[in-house]
There are 2 protein chains.
Amino acid sequence: MLRSHTCGELHADHTGQEVTLCGWANARRDHGGLIFIDLRDRYGLTQVVFYPETQAELFKIAETIRPEWVLQIKGVVTKRIEGTQNARMATGDVELVASELTILNKAKTPPFEINNSDTNVNEELRLEYRYLDMRTERMQKNIALRSKVFQIIREYFIAQDCLEIDTPCLIKGTPEGAREYLVPSRVYPGNFFVLPQSPQQLKQLCMVGGMDRYFQIARCFRDEDLRGDRQPEFLQLDYEMSFCTEEDVRAVIQGSLEQIIQKCSPKPLKNGKVESYTWKHVMNTYGSDKPDLRYDLPITDISDIAADCGFEVFEKALQAKGTVRALRVPGGADLSRKEIDVWTELAKELKAKGLAYILLKEEGPVSPLLKFFKEGFLEKLMEQTGAKTGDALFFGADTFSIVCAALSRIRSEAARRFNLIDTSVHALFWVTDFPMFEENDDGSLTFSHHPFTSPNPGQWKNRKEKPLDVHAVCYDLVLDGYELGSGSIRIHDPVLQQEVFDMLGISPEDQQKRFGHILKAFEYGAPPHGGFAYGIDRVVMILAGEPNIREVTPFPKDQKAKDLMLSAPSPVPEKQLKELGIKVVEE
Amino acid sequence: MLRSHTCGELHADHTGQEVTLCGWANARRDHGGLIFIDLRDRYGLTQVVFYPETQAELFKIAETIRPEWVLQIKGVVTKRIEGTQNARMATGDVELVASELTILNKAKTPPFEINNSDTNVNEELRLEYRYLDMRTERMQKNIALRSKVFQIIREYFIAQDCLEIDTPCLIKGTPEGAREYLVPSRVYPGNFFVLPQSPQQLKQLCMVGGMDRYFQIARCFRDEDLRGDRQPEFLQLDYEMSFCTEEDVRAVIQGSLEQIIQKCSPKPLKNGKVESYTWKHVMNTYGSDKPDLRYDLPITDISDIAADCGFEVFEKALQAKGTVRALRVPGGADLSRKEIDVWTELAKELKAKGLAYILLKEEGPVSPLLKFFKEGFLEKLMEQTGAKTGDALFFGADTFSIVCAALSRIRSEAARRFNLIDTSVHALFWVTDFPMFEENDDGSLTFSHHPFTSPNPGQWKNRKEKPLDVHAVCYDLVLDGYELGSGSIRIHDPVLQQEVFDMLGISPEDQQKRFGHILKAFEYGAPPHGGFAYGIDRVVMILAGEPNIREVTPFPKDQKAKDLMLSAPSPVPEKQLKELGIKVVEE
């Protein structure tokens, strides 16, 4: 090695030793006639000092050094003078008195400061120069954390008797779910591979293949329009096991996340445990199937008292089989007109017609609604919601899903606005008993999860009468308000599978076309099995306290699915397309 | 769990316990009025016995069971009667006396026998039904071995202070190396991502980013016409480190393979060590840069004595600045005319004009060449090659590369034919000092490795006079005759990089077009760095003793790049192509 030590390991015990360090000039300070250079590598910083008298020639070279130059420095480890130690640096008790200096490489002035985490550098610039961004403390930490999470996951699942099985990236498309990336085949012109949205079918085939317990950190691809926590390609922990119940799968998955959080976060789990709630409960209580439970802020169903409250909007919503619900925001009476306008817009984005509210101010309630309310309704409202003077109440009156979406959004805004989030803990919990089916606009049924998800066996017999009341054996895991992933017990019984297809109105021809190879495999002895998958980028993002997964992805695409560093995608020579038997079509 | 134990864990100590097993009916034997079912899962086999008297109803159901049905069986662990134990089964001392039986799933008759490793099942059929093939002992072993190798690699590189950094699959193309798979971009019609041949540039950018030590088990893609040990997608261990010498990289890589071999193979390394040879040495001695050194069979350069030997073919080859070399095959005098004809065809496939030979039979030498030889040449030949009565000599007389290719091929054929391979050991060794440049047919230079490979610093000054004598700081690792991978110290000095481009005649415009983003990154303080990559599929294949990597790849493509199980690639709806702005062109 060109170094004897890293820049993070020298301390008082090394005093007097001659060592060689390599790294980047993090900063140069000319001070009191001396030159100080903080040499940086992945392991830390070491202060190097150059003396003009004893090392005149060296000093001259040191004077030319600019930030981010790559240096090899030999010197003697020396204790710093009392009072000049730096407790914030692991190596802060010592400095290196330079005796030799080799400039391994020069560097242009970087487009942003590497060693200053305070400046808010434009993200596009950071992505274009990702290799420089990687040198910052933030990215070094995030990428090290990501690597650590990988290892914890693998050690854990191997200890669970899993085999790590890598599934291919060039597979066949499924007409379900997200839009897929295509890969033209040269050998079979006009034919295409697709990049997997997830290894769902392949991991189920591993179970049919008797692999018993499988895991993989799988690269998945979705050609979707991006949001903050989405990327065209991302990693998921993918797990599947045979001869299991829902509880078995959940115990294994929960254990992995408990380990990750325990080993990677200073924060404990809220109340020291992982709760489990039904889908109905979280939707009714928080309006969301992935609520952030680091704060409470429950929503109250006031349909019973609102049916005859005098306010037409509420009454009509109920007449249309909708619901009326209220969110009490403690201390919310101080909200300004402007803030309420902003929240109203948020509710409207989610299809609410508006955002009714009451501010329970000291001087009396303020609301455009009051004039419509029948005598005594306000009191009933306050009683049912527990609202007190100083609070605000927000209302949703519409279909169940619109009310939930709107009030859930206001719930998170309120939590942020009034600092209600307990950021000293992580809230990790299960959501279970999802509905098996959802209704399309035309009244036909569609699956909520995927068509291989097992229905609740006890409820299945009532499927004809009350299809929407049938639950799936399907479970989500939510951390700090983010859905980490979901899983289910799969259908292994061909008769049950057929019944599900029938309920969904998928014809035998369609079944073959869409799921032929997996249905065929299932005829040869599929074991009962189930599994789960969770997004690793998202877990790392939450643990790192980052606002989006780009910050924890080594080489991410931007929000328009472009790699700004590589300038990808890009045009390719006509010759290459010709070989593939395809042609670019002008719009 | 639906089971209390796996099918591999019961033994005499469990006697008397009531247990529940789940698995596949491996075989049913009706014997002595009883029914025996071997229940199989990933962990092993357990014999289950059904008694007609005590469990009449159960017995009736058991009679219906067919191979590969999925069963859940409750029963009491019982010691087998003395003399009926099966020492070949881990659970062979006991059997399960069934008291309950649930048929979890039925199975069609599989297209091939799962529990019979002797039958030679057609590979296409095995690939089409990979999920059934996976249930065979062979595939279970291979996939478990693969998983184990993954874990050994990761533990090792993490212990080496590496960060595991996952690089993207949707990247930008490079005009070097193999043909790349394209992925059309929907967001930027007419533009394409490519799937990486390797993360070479990205891992170098990680070094520029100060990551210091990186590793990854990387999925790589090559759209090449396939050979036995190639797949369109494959995994490689990818490693890169900063501030290192060639020796540092080699020590780390060698350590990982020593660990894998030690933990996964019963065979030791030949002579207990990893040798290191120069490229010149192995080419001269074995005619190959990846010889199988589990046997010796050296090639002898006889150019000095052949120049005036009387045989025109030899003399002319030397006059054309070629070479004449001989391979001595001990005991080869018995080779039949037919065998020699086959070998001659092999040599011709490699561009040799023929395959001259002498059989040194008891009754005297036999060869069409003898009549041309000058007096005493045969004796000189025998002396120089060490050939004795009973041996054969094969000759190559052509350019260096043709002679090497042909005689190396004959060398491996001879080793197989005469059982010279020491299959009780692994021969792992380094090949170093590869030439920096190769000559194109038009006399211009091209790089042997890639244009970022560092030349030998001492030889670089002579590059103008003797470019072909300059070595690269580049090293390959060879195991049992397979090249596992290669690596190099990369160029980090922009001046040197420029000199290399100049030697290769790559214009500044071309440099920008082909390597722009990495050259730009290198201006911002690239550290000295180097790395290596090796094919994991190939390592597992060798350790498993399999003839090709399909046998150790969970879901491989066939030799025509097709997934027979998924029927991929396949046509896609016109609508999807339209969204991507591409069109299939009819031939």
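Residues numbered from 1 in each chain as written. Chains lettered and ligands numbered in written order. Predicted model: local features only at pLDDT ≥ 70, side-chain atom pairs only at ≥ 80, totals over all residues. Heavy atoms only, no water.

(A) View of helix 5 (residues 200–208) of chain A. Counting buried residues in helix 5 of chain A gives nine out of nine residues, a clear majority hidden from the surface. Listing the buried residues of helix 5 of chain A in full gives A:Gln200, A:Gln201, A:Leu202, A:Lys203, A:Gln204, A:Leu205, A:Cys206, A:Met207 and A:Val208. In this fold, the buried residues of helix 5 of chain A make contact with strand 9 (213–221), strand 10 (233–242), helix 14 (508–522) and strand 22 (529–535) of chain A together with strand 1 (18–31) and helix 3 (130–133) of chain B. Once helix 5 of chain A finishes, A:Gly210 follows within two positions and takes phi at roughly 75°, a positive value. (Buried < 20%, exposed > 50% of the residue type's maximum accessible area, 1.4 Å probe, protein only. Helix = DSSP H or I, 4+ residues; strand = E, 2+ residues; numbered from the N terminus. Contact = heavy atoms within 4.5 Å.)

(B) Region of interest: the state of the cysteines. Scanning the entire structure with this criterion turns up zero disulfides over all chains. Distance from the sulfur of A:Cys7, which forms no disulfide, to the nearest cysteine sulfur (A:Cys22) is 7.8 Å. For A:Cys7, a relative accessible area of 0% gives the class buried. B:Cys169 takes part in no disulfide bond, and the closest cysteine sulfur to it belongs to A:Cys169, at a distance of 5.1 Å. When its relative accessible area of 3% is taken as the criterion, B:Cys169 is described as buried. (Disulfide = S-S within 2.5 Å.)

(C) The arrangement of the relation of the copies chain A and chain B in detail. Its rotation angle being 180°, the transformation that places chain A on chain B also includes 0.0 Å of axial translation and leaves an RMSD of 0.1 Å. Put plainly, the chains are arranged around a two-fold axis. By residue overlap, the copies meet face to face through one surface: 99% of the interface positions of chain A are interface positions in chain B. (Least-squares fit on C-alpha atoms with pLDDT ≥ 70 in both.)

(D) Looking closely at the packing of helix 10 (residues 337–349) of chain B against helix 12 (residues 400–417) of chain B. Residue and element names in this part refer to chain B. Following both chains from N to C, one finds helix 10 and helix 12 inclined at 145°, their axes separated by 8 Å at the closest point. Considering only the axes of helix 10 and helix 12, their crossing is right-handed. In contact with Glu339, Trp343, Leu346, Ala347 and Glu349 of helix 10, helix 12 contributes Ala406, Arg409, Ile410, Glu413, Ala414 and Arg417. The class makeup of the residues in the contact of helix 10 with helix 12 is six nonpolar, no polar and five charged. (Axes fitted to C-alpha atoms, helices over the stretch in contact; angles between N-to-C directions. Left-handed = near helix turned anticlockwise from the far one by under 90°. Nonpolar A, V, L, I, M, F, W, Y, C, P; charged D, E, K, R; others polar.)

(E) Layout of empty space enclosed by the protein. A full pass over the atoms with the stated rule returns six cavities of 30 Å³ or more. Estimated volume of the largest cavity: approximately 440 Å³. Considering the residues around the largest cavity, the lining is formed by 31 residues, among which A:Ile217, A:Arg219, B:Ile217, B:Arg219 and B:Leu235 are closest to the centre. Elements supplying a minimum of two residues to the lining of the largest cavity: helix 4 (137–159) and strand 9 of chain A together with helix 4 (137–159) and strand 9 (213–221) of chain B. (1 Å grid on protein atoms, 1.4 Å probe; cavity = no way out; pocket = protein on both sides within 12 Å on 5 of 7 lines; lining within 4 Å. Points joined across faces, edges and corners; volume = space filled by probe spheres on them.)

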